[in-house]
Amino acid sequence: MDKHLGYNIRKMRELKGYKQEYMAEGLGIGQTSYSDIESGKVKLTVNRLKKIAELLDTTPQAIEEFNDKNFFHIINHQGNAGQITINNSSLEELAKVLTEPYRQQLASKDEQIQFLQSLLKKAE
């Protein structure tokens, strides 16, 4: 497998804040097997790449074309807050990556609220 593809998968997973265990579980494999994917030790099938893209809420093409240097580069000078430089073509994807965990949390909260509201209606 192309080590570059495994690297891209790892970087995109890290940007999402997902652990290898989460990805492995979503793929129905062990964490060690998933680690082999990211390290480039195994060849990915098209279906497996599609499933990884689904878990990362992206496309196989976006994984293949991902370039973390084009996403953002943090320059940290003497321990102070860094400067963020962003390639304009990646702003939309960066926003999606950064906001997706919050969207998922909001969706979960909405489901909980609906459930509690239904319980209250039944109790009336």
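Preceding this paragraph is the structure being described.
Conventions and cut-offs
Residues numbered from 1 in each chain as written. Predicted model: local features only at pLDDT ≥ 70, side-chain atom pairs only at ≥ 80, totals over all residues. Heavy atoms only, no water. Phe/Tyr/Trp six-rings, centres within 6.5 Å; stacked < 30°, edge-to-face > 60°. Buried < 20%, exposed > 50% of the residue type's maximum accessible area, 1.4 Å probe, protein only. Core = buried A, V, L, I, M, F, W, Y, C linked by side-chain atoms within 4.5 Å. Helix = DSSP H or I, 4+ residues; strand = E, 2+ residues; numbered from the N terminus. Contact = heavy atoms within 4.5 Å. Salt bridge = Lys/Arg side-chain N within 4 Å of Asp/Glu carboxyl O. Axes fitted to C-alpha atoms, helices over the stretch in contact; angles between N-to-C directions. Parallel < 35°, antiparallel > 145°, perpendicular 65-115°, else oblique. Left-handed = near helix turned anticlockwise from the far one by under 90°. Nonpolar A, V, L, I, M, F, W, Y, C, P; charged D, E, K, R; others polar. Arc of directions from axis to C-beta.

(A) Molecular detail of the packing of aromatic side chains. Considering all chains together, one arrives at one aromatic pair under this definition. Between the aromatic rings of tyrosine 18 and tyrosine 22, the centroid separation amounts to 4.5 Å while the plane-to-plane angle is 45°, which identifies the pairing as tilted. For tyrosine 18, a relative accessible area of 11% corresponds to the buried category.

(B) Inspection of the nonpolar core at higher detail. Residues Ile9, Ile52 and Ile63 are the most contacted members of the largest nonpolar core, which totals 17 residues. Every element with two or more residues in this core is listed here: α1 (3–16), α2 (20–27), α3 (31–39) and α4 (46–55). Among the elements that take part in this core, α4 stands out by supplying four residues, more than any other. Among all residues touching isoleucine 52, those that are not within four sequence positions of it are Ile9, Met23, Leu27, Ile37, Leu44 and Ile63.

(C) Main features of the pattern of salt bridges. Across all of its chains, the model carries four salt bridges by this definition. Two residues, glutamate 38 and arginine 13, come together in a salt bridge whose shortest N-O distance is 2.5 Å. Pair noted here: glutamate 38 is in helix α3 and arginine 13 is in helix α1, with a separation of 25 residues, a long-range link. Note on arginine 13: relative accessible area 8%, which makes it buried. Several salt bridges share partner residues, and in doing so they unite Arg10, Lys11 and Glu14 into one network.

(D) Structural detail: the packing of α2 against α4. At a minimum axis separation of 10 Å, α2 and α4 run at an interaxial angle of 125°. Between α2 and α4, the angle falls in the class oblique. Classified by chirality, the crossing of α4 by α2 is right-handed. From α2, Tyr22, Met23, Gly26 and Leu27 reach across to α4, where they touch Arg48, Lys51, Ile52 and Leu55. Per-class residue counts for the contact of α2 with α4 are five nonpolar, one polar and two charged.

(E) Main features of the packing of α1 against α3. Relative to each other, α1 and α3 sit at 115°, their axes nearing to 6 Å. Here α1 contributes Lys3, Gly6, Tyr7, Ile9, Arg10 and Arg13 to the contact with α3, which in turn contributes Tyr34, Ile37, Glu38 and Ser39. Of the residues that constitute the contact of α1 with α3, the class distribution is four nonpolar, two polar and four charged.

(F) α2, seen in detail. Among all positions in α2, only Gln20, Met23, Ala24 and Leu27 are buried. Down the axis of α2, the buried set is contained in an arc of 100°. They therefore lie on one face. Looking at the buried side of α2, the elements it contacts are α1, α3 and α4. Just past α2, the residue glycine 28 takes up positive phi, approximately 75°.

(G) Summary view of the environment of tyrosine 18. Relative to the helices and strands, tyrosine 18 resides in the loop between α1 and α2. Each C-alpha atom, one on tyrosine 18 and one on leucine 56, is 8.7 Å from the other, the two residues being 38 residues apart in sequence. Those residues in contact with tyrosine 18 that lie beyond four places of it in its chain are Arg13, Met23, Leu55, Leu56 and Gln104.

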